[in-house]
Structures are given as structure tokens and as C-alpha cells.
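Reading the structure
The primary structure of each chain is shown beneath.
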Amino acid sequence: MPFDEKAKQVAIETIKSANVGFVHLLFTDVLGYLKTISVTSSEIEHAFDEGMGFDGSSVQGFTRLEESDMIAFPDPSTLKIRQSPCDGTNVASMFCNIETPDGTPFEGDPREVLKRVLKKAADMGYTAYMGPECEYFYLEDAGSNPTGLDTLGYFDQSMIDLGSQLRSDTVSRLQDYGIEVEYSHHEAAPSQHEIDLRYKEALKMADQVIAYRAIVKETAVLGGVHATFMPKPLNGVNGSGMHVHQSLFTKEGNAFYDPHAKFQLSGVALGYVAGLLKHAPAFSLVTNQWVNSYKRLVAGYEAPVYLIWAHLNRSALVRVPLYKPGKEAATRIELRSPDPSCNPYLAFAAMIAAGLDGIERGLEPPEDTEYDVFELTEEEIEAKGIELLPGDLNEAIKAFEESKLMREVMGEQVFKYLLANKRAEWEAYRTRVSTWEVESLVANV
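Residues numbered from 1 in each chain as written. Predicted model: local features only at pLDDT ≥ 70, side-chain atom pairs only at ≥ 80, totals over all residues. Heavy atoms only, no water.

1. Comments concerning unusual backbone geometry
- Backbone geometry at N19 places phi at a positive 55°, although glycine is not the residue there.
- Within the secondary structure, N19 is located in the loop between helix 1 (5–17) and strand 1 (22–28).
- At Q264, a residue that is not glycine, the phi angle is positive and equals roughly 60°.
- Relative to the helices and strands, Q264 is located in the loop between strand 13 (253–254) and helix 6 (267–287). (Helix = DSSP H or I, 4+ residues; strand = E, 2+ residues; numbered from the N terminus.)

Below, the structure is given as C-alpha cells:
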């Protein structure tokens, strides 16, 4: 694995000087579940030089008939050290790049998928930045009858609010880990919270989202409760989203900024918006990957389902946050459909690739929408020609399968695995008798 020898030596010395006992080597499967290989600090130099072998056939999406041996190489630039919440000792962690035994980057590694897209962006002269707003719920436990901790709402605070205390503890742990937090608050639904991460280059941010989810859950367990990033765990209230702010930078600065254009959005930004709108139905399988994701994407719960964009209109799929004079670098667009249970490597790759496609092809978005689409009737929406995101996982599967761009971006390995996995999920969901059906029908028919 080629990497900066100096970075390797700095990482080794940092681990030694911090008296680290164990180093956790991190990567994810295709669905975004965190995987960990733990080594003692005395073995870390060997891990850098030789990598750590593992059975790829046991990892979701890594299976290949002709090869199951995989090698994880830690990326020294991702080194983080923090105290263990269990015994207070120092532990280190690094994200890994996955290779096959012949030294070839494994195309099924989600981190590699994102790196391929970022290379294309770099070849076009761009560096992609992402800033996600990750929402989640605190529940009393992980049982089948989810119960929240409070009845508070948007920005509410209570002196005896356990959730807010857990959120504050989480922010402290995130900062100790080296993750910058812009702000946090109680969200609109009972027991729902949001912690916003300061924008970073896309690969660094994807790593941070994985670490963020683990730290949120870890802190909840230590507090005796359960945190979930499930998109819609409770009936009748808003689900959890992961609105993603994104922008492209060149050597000259923010490529999305044009002081003379409407909303100060450059032609590059408009092309990016057009690409997102065009490919959103196809990449929904990646940004909203579960059956449950589409219980959140329902009009009326602040969830964007319409393929429109706007300046301030929060019913739009793509929103342009308010421009502030003197803050040209902050010019960005916000995609509001993703949810926090996605694999951030694949989700960021799909979004950026869609935006780059819009730029390359010179696509132009329709007129921005200033009215609240949620207030329109179905007939009015149809008359205006407004299209919608997929209504369920099955529709998302079909849109993804028909997308040449998604096949190209994901690579054959990930593309085929996602289709197979999600078809199986849909079939299991479609054929299962739900509690709602039993409650509604057993006594009446």
C-alpha cells in the first residue's frame, strides 16, 4: 500500500508517545456497518507494512467467487487517539484502505468508491466539501416497542432532560476525538436530536460520519439508553434526515460562488443542482437504503419528496441556504433527502458524481420554486409537472438498476450487491404480515 512514509513514522511515534495499548483499524461493509480489526501498538508497524488480512467473504458486499482474501491497510492520516470510556486507557483508531493480495485496490470497498469519484472531481479541477446534519433518536431500549425519553420539540430544553445531557456528553466526546461540531440541538420530534459537523473534504467527512455514529451510540449505552439512526422509528412524527450541505472548490476559491448571478450561484453550481435533480431517483437507493427510509419520505413531515429546488423553500429537495455578504466561501447547496443510516462513502460518491455529471453535460435546472409544494393538491402538483422521489424501496431499486451513472460510480461489485441485497429486503418486507395488518383485520374479517 503506497503511502507517505513520513506520515507513517509520525503515526507510529504518536502511538508510542501516547502509551496506546490497542489500535482499532476501521472500515465498513457495503451497507455501512462498521468493522474493526484490533491490534496491539507493538504490531502497528507490521500493519502499515504488510496490512492485516481478513476473510472478505464474511463481510457484506465483499464476497467474490474468485477471491475472498482481503488486506486492510491503515491510513496514517486518519489517526485518532482518545481515552477508552471503559477503563480510561488511551486507544487509537485509523480508517483503512482495502486491497486484494496482488496490491490492487478492492473495487467493493466503499471508501475506494468515494476515492474514485473524488479523483474524477480533482481531474476536473475540483475539491468536494460536505457538511451533514445528522439527526437521531434516543430510545429507552432497542426493543420492538420504541419509546422516547421526552416530549420536547424543536430547540426545546428541560432542566431534567436526559437526552440533552447525553447530547452534550456526545459533543464533548466528538471534540476529544478531533471532530469539529458546529452546534447541536433538540429536533422537532420527541426525543429527536441533531449534531451538525463542521464541513470537511468529502473523504474526511465520510470517515467522521462513521465515527460520529459510533460515538453517539457508545455515549447512549453508557447513559443506559439506546440511540438509533433508523429513519422512522416512531409513528406520527418526523423521521431522521441527514441534510448534506455541499460545495466544490478550485484553486481560486468556491466554484459555486458568482457575485453577479441570481442567489450568487455560478453556472457550475446550477449544473451541480441540475445533476442532483436528474439523478436523485436513482441514487435514492444509496442515500435512503432501507424499506424504512421511505416511511420518512412522506409529504407532511418536513421530508423532501419533490424534485424541485429553491432558495429558502424547505419543501424543496435541493435548497440554497441564505447568502451572507463576506461569506463567499460558505456558498453551498443542501440536499435534503438522505437519511443518517446510509453508507456515507457511497452516499457522498453518488451525490458528487450526480453533480459532476450535471456540470459536464451542461445541464440546467428548472426555475426555482418559491411556493410551498406541501400546500398543493395532487392535481396541482401533476399540472405543474413536478416529479417525485421513489415512493418505496422497490421503486428505488428500479431507478437505480436503470441508471448508467450509478453502475459506473458504484462499480460492478457494489452495484450488483446492492441490487441483490435490496431485492431480498423488499421481498422479505413485502411478504411479511405486519402488526398493523393483524390489529386491523384479524377481528374484523
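2. Examining the pairing of strand 9 (residues 192–197)
- Counting buried positions along strand 9 yields six of six residues, so the element is predominantly enclosed.
- Side chains Q192, E194 and D196 of strand 9 all project onto a buried face; the interleaved residues H193, I195 and L197 project onto the opposite face, where all are buried too.
- With five bridges connecting them, strand 7 (residues 127–139) and strand 9 associate as antiparallel partners. The residue bridging Y136 from the neighbouring strand is H193, located in strand 9.
- Both strand 8 (residues 181–186) and strand 9 contribute to a ladder of five bridges, which runs antiparallel. In the strand pairing of strand 9, Y183 is matched with D196. (Buried < 20%, exposed > 50% of the residue type's maximum accessible area, 1.4 Å probe, protein only. Pairing = 2+ DSSP bridges.)

3. Quick word on the nonpolar core
- F348, I352, M410 and L418 are the most contacted members of the largest nonpolar core, which has 102 residues in total.
- If one sorts the elements of this core by residue count, helix 8 (residues 344–360) sits on top with twelve residues.
- Excluding residues that lie within four positions of it along the chain, F348 makes contacts with L114, M130, A202, M205, A206, V209, M242 and V244.
- Listed in part, the 25 residues of the second largest apolar core include A47, M52, A92 and F106. (Core = buried A, V, L, I, M, F, W, Y, C linked by side-chain atoms within 4.5 Å. Contact = heavy atoms within 4.5 Å.)

4. Let's talk about the packing of helix 3 (residues 110–123) against helix 8
- Two elements in contact, helix 3 and helix 8, have axes whose closest approach is 8 Å; the angle formed by their N-to-C orientations is 25°. Between helix 3 and helix 8, the angle is such that the two are roughly parallel. Here the hand of the crossing between helix 3 and helix 8 comes out left-handed. Side by side, helix 3 and helix 8 meet where P110, R111, V113, L114, V117, L118, K120 and A121 of the first sit next to Y345, L346, F348, A349, I352, A353, L356 and E360 of the second. (Axes fitted to C-alpha atoms, helices over the stretch in contact; angles between N-to-C directions. Parallel < 35°, antiparallel > 145°, perpendicular 65-115°, else oblique. Left-handed = near helix turned anticlockwise from the far one by under 90°.)

5. Comments concerning the packing of aromatic side chains
- Within this structure, the stated rule accounts for eleven aromatic pairs.
- Counting every residue linked through ring pairs, the aromatic cluster contains Y136, Y138, Y212 and F229.
- For K422, the ring lying beneath its charged end belongs to W290, and the centroid distance is 3.8 Å. (Phe/Tyr/Trp six-rings, centres within 6.5 Å; stacked < 30°, edge-to-face > 60°. Lys NZ or Arg CZ within 6 Å of the ring centre and 35° of its normal.)

6. Some thoughts on the packing of helix 6 against helix 11 (residues 404–430)
- At their nearest, the axes of helix 6 and helix 11 sit 10 Å apart, and the two run at 50° to each other. Classified by the angle their axes make, helix 6 and helix 11 are oblique. As helix 6 runs across helix 11, the sense of the crossing is left-handed. Only L405, M406, M410, L418 and K422 of helix 11 make contact with helix 6, whose side of the interface consists of H279, A282, F283, L285 and V286.
- Tallied by class, the residues present in the contact of helix 6 with helix 11 amount to eight nonpolar, one polar and one charged. (Nonpolar A, V, L, I, M, F, W, Y, C, P; charged D, E, K, R; others polar.)

7. Regarding helix 11
- With 27 residues, helix 11 extends just 27 Å between its outermost C-alpha atoms, more than 12% less than the 39 Å of an ideal straight helix rising 1.5 Å per residue.
- Of all the bends in helix 11, the greatest, near 115°, is centred on G411.
- The opening residue of helix 11, the one whose side-chain oxygen lies 3.4 Å from the backbone nitrogen of L405, is S403. (Expected span 1.5 Å × (residues − 1). Bend = angle between axes of the 7 residues up to and from the residue. Polar contact = N/O pair within 3.5 Å; in protein donor to acceptor, adjacent residues only side chain to side chain.)

8. Focus on the environment of G21
- Structurally, G21 can be placed in the loop between helix 1 and strand 1.
- Expressed as a C-alpha distance, the spacing of G21 and S42, which sit 21 residues apart in the sequence, is 8.5 Å.
- Residues in contact with G21, not counting those within four places in the same chain, are V39, T40, S41 and N90.

9. Quick notes on a negative patch on the surface
- On the surface, E378, E379, E380 and E382 cluster together to form a negatively charged patch.
- Classification of E380 by relative accessible area gives partly exposed; the value is 37%. (Patch = residues over 30% accessible without salt bridge, like charges linked within 9 Å, V, L, I, M, F, W, Y side chains within 5 Å. Areas by Shrake-Rupley, 256 points an atom, 1.4 Å probe, with all protein chains shown as cover. Salt bridge = Lys/Arg side-chain N within 4 Å of Asp/Glu carboxyl O. Lys, Arg positive; Asp, Glu negative; His and termini not counted. Charge placed at Lys NZ, Arg CZ, Asp CG, Glu CD.)

10. Some points on the state of the cysteines
- As enumerated under the stated definition, the model contains zero disulfides in all.
- Not part of a disulfide, C134 finds its nearest cysteine sulfur in C342, a span of 8.2 Å.
- On the basis of relative accessible area, C134 is assigned to the buried category, the value being 1%. (Disulfide = S-S within 2.5 Å.)

11. Section: the pairing of strand 4 (residues 69–74)
- Of all six residues in strand 4, five are buried; the element is thus mostly enclosed.
- In terms of strand pairing, strand 3 (residues 52–55) meets strand 4 through four bridges, oriented antiparallel. Following the sheet pairing, F54 is matched in strand 4 by M70.
- In the sheet, strand 4 pairs with strand 6 (residues 90–99) via four bridges, with the strands oriented antiparallel. Following the sheet pairing, F73 is matched in strand 6 by N97.

12. Brief notes about the environment of R111
- Position of R111 among the secondary structure elements: in helix 3.
- Measuring from C-alpha to C-alpha, the distance between R111 and D29 comes to 9.6 Å, with 82 residues separating the pair along the chain.
- Excluding its chain neighbours within four sequence positions, the residues that come into contact with R111 are D75, T78, F95, C96, N97, L203, D207 and Y345.
- Among the polar contacts made by the side chain of R111, one reaches the side chain of N97 at a distance of 2.7 Å.
- For R111, the side chain forms a polar contact with the side chain of D207, separated by 2.9 Å.

13. Some thoughts on the pattern of salt bridges
- With the rule as written, the count across this model stands at 19 salt bridges.
- Put simply, R111 and D75 hold a salt bridge, and the shortest N to O gap is 3.4 Å. On the criterion of sequence distance, the pair formed by R111 in helix 3 and D75 in the loop between strand 4 and strand 5 (80–83) is long-range, its members being 36 residues apart.
- With relative accessibility at 15%, the residue D75 sits in the buried group.

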